[in-house]
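Listed below are the residues making up each chain.
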Amino acid sequence: MGTAAVKGKSLSRREFLRLSGQAGLGAVALMAGGGTLLPRQGGAAQGTGGMREIHLEAREVTWEMAPGKVIKAMAYNGQIPGPELRLREGERVRIVLKNSLSEPTTIHWHGVDVPNAMDGVPGITQKPVQPGETFVYEFEARPGGTRWYHTHFQEHKQLDLGLYAPLIIEPAGGEPFGFDREYTLVLDDWATGTGRPLPSTREGTAGGRGGMGGMMGGMGRMMEGMMGRGGMGGMMRGGNSPAYDTMTINGKAYPATQPLKVSKGERVRLRLINASADHSHVVRLAGHRLQVTHTDGNPLVQPVEVDALPIAPSERYDVRFVAARPGAWFLYCVEPGHAAAGEQVLIVYEGREGAKPEAPAEGLAGLDLWHYSLARGRDVLPAASGQERTYDLVLSGGMMGSDEWTINDKRYPNTDPLRLRKGDRARVRFRNMSMEAHPMHLHGQSFKVLSVNGQHLPAPIVKDSVDVEAHMGSLLIEFTAHNPGDWFFHCHKPMHMEGGMIMLAKIG
Ligand code: C2O
Ligand code: CU
């Protein structure tokens, strides 16, 4: 544990941190954003009965995103993102959350098949953790892959203010795709009041149909014109939506983002996590193609090579690139305004520290984009043994700029739950009748994506969040109800959750 494979060798924790471009400060809690939290030896926190024990404290911080951009935020262990947890698949952990905020909080382990009582949903799986209290989460880390953890209490405030972090579970069966070096990059949108509001993400592109300048994009804008909402831009949205003006990578906005070092010839793995409340991003590395290897932590049969990768809120992708073009290059988001708002980080080849990078280029034109139906997934989910049940879910809302969002015309807590028995095979068909994309996330178990916008996936990819595109986007997913309990099933945009787009999957 605490090692990373670099050129086939095992590295000490200190070497790994150096390679990660992180400061190895010795004390875990002092590591800069995105640092890996490794088991502490002796002293402060030792395992109990062979179990790993990890301490997280949620508290308010003053956070500098970039010179001159200082905000009041919320953080785990004083850093944004919070400490990266690295666990082995199957390992039991005990995570002690201390709430030093002046309001309640909880933690949700997104993409981890935890027991229901450990799922972190206030009022459903646990009582909110009150200020000054602690709560102990205990679970077995599985399945392997790029997961994350975040607050599940008033996400429209707490998630937006920084209570999120990577959770990497190293697969028991080994890594399916080789790499020489890795970095974790967490993307986030912020409403700081220090810049011009950016257009919010409307269409979604992950299904391969929408996007800027696309036909549906144009139609969306025309429909909005007719509805009297006109234009794009944060201020045109529902009355309570924050005006997002800053984009960060690992808690920092360019030029404060920390450059990533690579060496010529390396295969570099990037674990991308979108912690944004509102925005999808389209990630590109100038001068390089990206090989997508995992969807929400789950391996594909083979990597899929693209120029750029749309990533919706709460999604994760692992990508790999071959460092074959020495120099300095920007990794950035091509969505208009995002790179300028901070969403860019330099990738610098060893020995080319002074090289001048070309400026980021906006827009999707001419780019090969990732979308769900490009890939073939591995069948990693438990097999069903029970009944097959199908559900139709119509997503609507946001009409005339309202903040009300519905599933089958109902708002949580009035939405109808899915009722399943352990072992059942559930198929859920989404149709999005609204003008915004909805990244739908199921707690407690992952699912297969069987079709996207009517296009069938012969070898379904496995995910736990899926972006249902605006304007009649559709998706069919399937999961085996293997994890008993009451599970949240919701849009991951906190303002849409607030507006009612939540339901329960009850597995008895
Ligand atoms: Cu990542 Cu219910 O959340
Ligand atoms: Cu939504």
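Residues numbered from 1 in each chain as written. Chains lettered and ligands numbered in written order. Predicted model: local features only at pLDDT ≥ 70, side-chain atom pairs only at ≥ 80, totals over all residues. Heavy atoms only, no water.

(A) Main features of the overall build of the chain. In terms of helices and strands, the chain carries four helices and 31 strands. Put simply, the chain has 508 residues, and 60% of those count as buried. Here the chain has roughly 18400 Å² of accessible surface; of this, 51% comes from carbon and sulfur atoms. (Helix = DSSP H or I, 4+ residues; strand = E, 2+ residues; numbered from the N terminus. Buried < 20%, exposed > 50% of the residue type's maximum accessible area, 1.4 Å probe, protein only. Areas by Shrake-Rupley, 256 points an atom, 1.4 Å probe, with all protein chains shown as cover.)

(B) Local environment of the pairing of strand S2 (residues 52-66). Both S2 and strand S5 (residues 92-99) contribute to a ladder of seven bridges, which runs parallel. Paired with Ile 54 across the strands is Ile 95, a residue of S5. Bridge count for S2 against strand S3 (residues 69-76) is eight bridges, and the pairing is antiparallel. What sits directly across from Thr 62, in S3, is Lys 72. Counting the residues between successive antiparallel strands, the hairpin from S2 to S3 contains two residues, one of them, Gly 68, with a positive phi of roughly 90°. (Pairing = 2+ DSSP bridges.)

(C) Seen up close, the nonpolar core. Counting 72 residues, the largest nonpolar core has Trp 370 and Phe 430 as its most contacted members. In contact with Phe 430, not counting residues within four places along its chain, are Leu 393, Leu 395, Met 440, Val 466, Val 468, Gly 473, Ser 474, Leu 475, Ile 477 and Phe 489. By size, the runner-up hydrophobic cluster in this structure holds 25 residues, among which are Leu 56, Leu 85, Val 93 and Ala 165. (Core = buried A, V, L, I, M, F, W, Y, C linked by side-chain atoms within 4.5 Å. Contact = heavy atoms within 4.5 Å.)

(D) Layout of the sheet that holds strand S22 (residues 405-407). On the basis of which strands lie adjacent, the open sheet formed by six strands has the order S22-S21-S24-S29-S26-S27 and mixed pairing. Edge positions in the sheet fall to S22 and strand S27 (455-463), since each has one partner strand and no second. On average, each strand axis in the sheet is inclined to that of its neighbour by 20°, with strand direction left out of account. Here strand S24 (residues 425-432) pairs with strand S29 (residues 473-480) via eight bridges, running antiparallel. Bridging across to S29, Asn 432 finds its partner in Gly 473. (Axes fitted to C-alpha atoms, helices over the stretch in contact; angles between N-to-C directions.)

(E) The arrangement of the packing of aromatic side chains in detail. For the structure on display, the rule yields nine aromatic pairs. For the pair Tyr 412 and Phe 488, a centre-to-centre distance of 5.4 Å together with 80° between the ring planes defines the contact as edge-to-face. In this pair, Tyr 412 sits in the loop between S22 and strand S23 (418-420) while Phe 488 sits in strand S30 (residues 485-491), placing the two residues 76 residues apart along the sequence. What makes Tyr 412 partly exposed here is its relative accessible area of 27%. (Phe/Tyr/Trp six-rings, centres within 6.5 Å; stacked < 30°, edge-to-face > 60°.)

(F) Inspection of the sheet that holds strand S19 (residues 328-333) at higher detail. Reading across the sheet, the five strands line up as S12-S20-S19-S14-S17 and stay open at both edges, with mixed pairing between neighbours. Each having just a single partner strand, strand S12 (260-262) and strand S17 (308-311) make up the two edges of the open sheet. Taking the axes of each pair of neighbouring strands and ignoring which way they run, one obtains an average angle of 20° across the sheet. The sheet contact formed by strand S14 (residues 281-285) and S19 spans three bridges and is antiparallel. Bridging from a neighbouring strand, Arg 284 pairs with Tyr 332 of S19.

(G) Unusual backbone geometry, seen in detail. Along the chain, Tyr 254 connects to Pro 255 via a cis peptide bond; the corresponding omega equals 10°. Take Pro 255: it is sitting in the loop between strand S11 (246-249) and S12. Cis geometry is adopted by the peptide bond preceding Pro 413, which originates at Tyr 412 and carries an omega value of 10°. Within the secondary structure layout, Pro 413 lies in the loop between S22 and S23.

(H) Main features of the pattern of salt bridges. Under the counting rule described, the total for this entry stands at 38 salt bridges. Ionic pairing is found between Arg 94 and Glu 138, a salt bridge with its closest N-O pair at 3.5 Å. With Arg 94 in strand S5 and Glu 138 in strand S7 (residues 134-140), the pair connects residues that are 44 residues apart, well separated along the chain. Taking the relative accessible area as the measure of exposure, Arg 94 reaches 23% and is therefore partly exposed. A single salt-bridge network, built from bridges that share partners, covers Glu 84, Arg 86, Glu 170, Glu 175, Glu 182, Arg 269, Arg 271 and Asp 318. (Salt bridge = Lys/Arg side-chain N within 4 Å of Asp/Glu carboxyl O.)

(I) Local environment of the side chain of His 492. Tracing the chain through its elements places His 492 in the loop between S30 and helix H4 (494-498). Judged by relative accessible area, His 492 falls into the buried class, the value being 2%. Here the side chain of His 492 touches His 150 through a polar contact of 3.3 Å, side chain to side chain. In contact with His 492, not counting residues within four places along its chain, are His 110, Trp 148, His 150, Leu 159, Ala 277, Pro 313, Ser 314, Pro 439 and His 441. (Polar contact = N/O pair within 3.5 Å; in protein donor to acceptor, adjacent residues only side chain to side chain.)

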